[in-house]
Amino acid sequence: MEVTERAFERLVRDHQDRIFALGLALTGNRHDAEEVAQDTFLRAYRALVTYAPERVRDLKQKAWLHQIAVNVVRNRVRGNRPRLVELNGSEPDARTGPEEDVMRKAEIDELAARVACLPPRYREAVVLRHVQELSYAEVADALGQPVGTVKANVHRGLKLLRGEDHADGDV
Amino acid sequence: MPTVMFDLKRLGDVKAPPGFAERVLAQAGMADSYAVFETVLGPVYVAWNRLGVSAAMRSKSSAEFEQWFREDIGRRLVQADPPAGLASRIEDQLQGKRRMQFDLRGLTPFSQAVLRKTLEIPRGQVRPYGWIAREIGHPAAVRAVGTALANNPIPYFIPCHRVIRSDGVIGNYGGGGPEAKKNILTLEGVQLKRLQDLARAGLRYEGVRSTRVFCFPTCYHGRAARQENFVFFHDESEARAAGYRPCKHCRPAEVA
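Residues numbered from 1 in each chain as written. Chains lettered and ligands numbered in written order. Predicted model: local features only at pLDDT ≥ 70, side-chain atom pairs only at ≥ 80, totals over all residues.

1. Observations concerning the overall build of chain A
Helices and strands together make up the secondary structure of chain A, namely ten helices and zero strands. Written out in order from the N terminus, the α and β elements of chain A read α-α-α-α-α-α-α-α-α-α. Buried residues in chain A amount to 38% of all 171 residues. Within chain A, contacts between residues at least 6 apart in sequence are counted, and of these 67% link residues at least 24 apart. (Helix = DSSP H or I, 4+ residues; strand = E, 2+ residues; numbered from the N terminus. Buried ≥ 20, exposed ≤ 12 C-beta atoms within 10 Å, placed from the backbone. Contact = placed C-beta atoms within 7 Å.)

What follows is the structure, given as structure tokens:
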């Protein structure tokens, strides 16, 4: 138990930024991003306490957490739809770190909101590949899709983000 | 094309908000949360987790409370917004209206027994250390009871101030010294002067002539009796010899 708790604390400290960023890119606002990131780690904790020590040690933490986070976001969208107000703009948030100045934060939030407007299958693929910088194989693993599908979805997602015509890309 | 990808990469550089890891650990039950509450006793720092309230202290600052918690309890601690209703539960507990849940993990079974027994002492009443010792089945462990109470991590809420020496000396108090103990007891309606006068005269028990029952002097039983019907006893054998039986509420002696 003690060992699991220490392993979990390390896991949280090592991956909190990465998983929060993932939440932000997938949901488009910081409030939901924190909820997603918290849910992700809590699910990870509930799983970890049932794992044997060898399994905990051999865990590919990064891929595993991404997979959990993607599922958390998918379930959320199914359960409670994101509020439109938050999708449209950046929320004022008192808990911004000093390292992100206001201008940069606003830009980032606007970008996150734009990414969050992509259709889910493109959004997941683009975010994991280009925000989180996983390899195509890792993205395919995390999403449970073939590599070819992932590549196609990343391509189409990027096209949409650049403002190119969706129909054009599909032909 | 490269700009979109560059922007996306920057999105990945976002940092989790401050305190995020601590909040996660608290939710996983690996850290306690705390906040300061305004109470009848003034500001009190209270820590809690999913099992209940785990610590309380009238510290001067967050830093002082955190340090005390680290040394005394040894778990992680995170400042947090209290869950809805905790403030009113705290008020009710301090006014004796409602019982709250406590987390006493980390204490020895003996200390836990002492504190659980202490919770049974009603507001406005006091008991001697020896009473706790006898009630939890360790009649000889009076000093150990004193130690357990002195290290009570949740003073005020677990009313260790209601345990005093049988000679009437108020005794030491982990929650702010003997003066604080006196103040809290007075606030709860204990007539300290009467209690100490009796103790100084060596009178431990109070009986009521009409019912033939003897009690601790602060017991509410027989409170309605007329003043002239009170009798006082030095010890149990004197009371029993006079034909009195121990009160079933405050249990000054084992019921034969």
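That covers the picture; the talk isn't over yet.
2. Comments concerning the interface of chain A and chain B
Between chain A and chain B, the residue contacts involve 30 residues of the former and 22 residues of the latter. Within the residue set of the side of chain A that touches chain B, elements represented by two or more residues are α1 (2-27), α2 (30-48), α6 (102-116), α7 (120-131) and α9 (147-161) of chain A. The dominant element in the side of chain A that touches chain B, judged by the number of residues it contributes, is α1(A), at eleven residues. Looking at the side of chain A that touches chain B residue by residue, the class counts come to 16 nonpolar, five polar and nine charged. (Nonpolar A, V, L, I, M, F, W, Y, C, P; charged D, E, K, R; others polar.)

3. Considering the domain arrangement of chain A
Residues and elements named next belong to chain A. Examined at the domain level, chain A breaks down into domain 1 (1-85) and domain 2 (118-163). Tallying the contact residues gives ten residues for domain 1 and twelve residues for domain 2. Elements with a contribution of two residues or more to the side of domain 1 that touches domain 2: α1 and α4 (61-79). Here the residues of the side of domain 1 that touches domain 2 are counted per class, giving seven nonpolar, two polar and one charged. (Domains from an automatic or database assignment.)

4. Notes on α2(A)
Over its 19 residues, α2(A) extends 26 Å from the first C-alpha to the last, a length consistent with the 27 Å expected when each residue adds 1.5 Å. Among the residues of α2(A), Arg30(A), Asp32(A), Ala33(A), Glu34(A), Val36(A), Ala37(A), Gln38(A), Asp39(A), Thr40(A), Phe41(A), Ala44(A) and Tyr45(A) are the ones counted as buried. (Expected span 1.5 Å × (residues − 1).)

5. Section: the nonpolar core
Counting 90 residues, the largest nonpolar core has Phe20(A), Ala25(A), Ala69(A), Val115(A), Leu11(B), Val46(B) and Ala56(B) as its most contacted members. In terms of residues, this core owes the most to one element, α1(A), which gives ten residues. Core analysis: the second largest hydrophobic core is formed by twelve residues, Val208(B), Phe216(B), Ala239(B) and Cys250(B) among them. (Core = buried A, V, L, I, M, F, W, Y, C linked by C-beta atoms within 7 Å.)

6. Things to note about the confidence of the model for chain B
Residue and element names in this part refer to chain B. Mean pLDDT over chain B: 90, with 98% of residues reaching 70 or higher. For chain B, helix α1 (residues 2-11) is the element with the lowest average pLDDT, namely 80, and helix α5 (residues 109-118) is the one with the highest, namely 97. Two summary scores accompany this predicted model of the complex, namely pTM at 0.70 and ipTM at 0.78. (pLDDT = per-residue confidence, 0-100.)

7. Concerning the environment of Ser166(B)
Residue and element names in this part refer to chain B. Relative to the assigned elements, Ser166 resides in the loop between β6 (163-164) and α8 (177-187). C-beta crowding within 10 Å serves as the criterion here: with 14 such atoms nearby, Ser166 is assigned to the partly exposed category. As a C-alpha pair, Ser166 and Gly202 span 36 residues in sequence and 9.2 Å in three-dimensional space. Discounting residues that sit within four places of it in the chain, Ser166 has contacts with Pro128, Gly130 and Arg204.

8. Brief notes about the sheet that holds strand β3 (residues 52-57) of chain B
Residue and element names in this part refer to chain B. One open sheet holds the four strands; their spatial order is β3-β2-β1-β4, and the pairing between them is mixed. With one partner strand each, in any of the chains shown, β3 and β4 (76-79) form the two edges of the open sheet. Ignoring which end each strand starts from, the neighbouring axes of this sheet average 35° apart. When strand β2 (residues 42-49) meets β3, the two strands line up antiparallel, connected through five bridges. (Pairing = 2+ DSSP bridges. Axes fitted to C-alpha atoms, helices over the stretch in contact; angles between N-to-C directions.)

9. Some words on unusual backbone geometry
Residues and elements named next belong to chain B. Even without glycine at this site, Tyr156 takes up a positive phi of about 70°. Mapping Tyr156 onto the fold places it in the loop between α7 (142-150) and β6. With 23 C-beta atoms counted inside 10 Å, the residue Tyr156 sits in the buried group. Even without being a glycine, Arg251 presents a positive backbone phi close to 45°.

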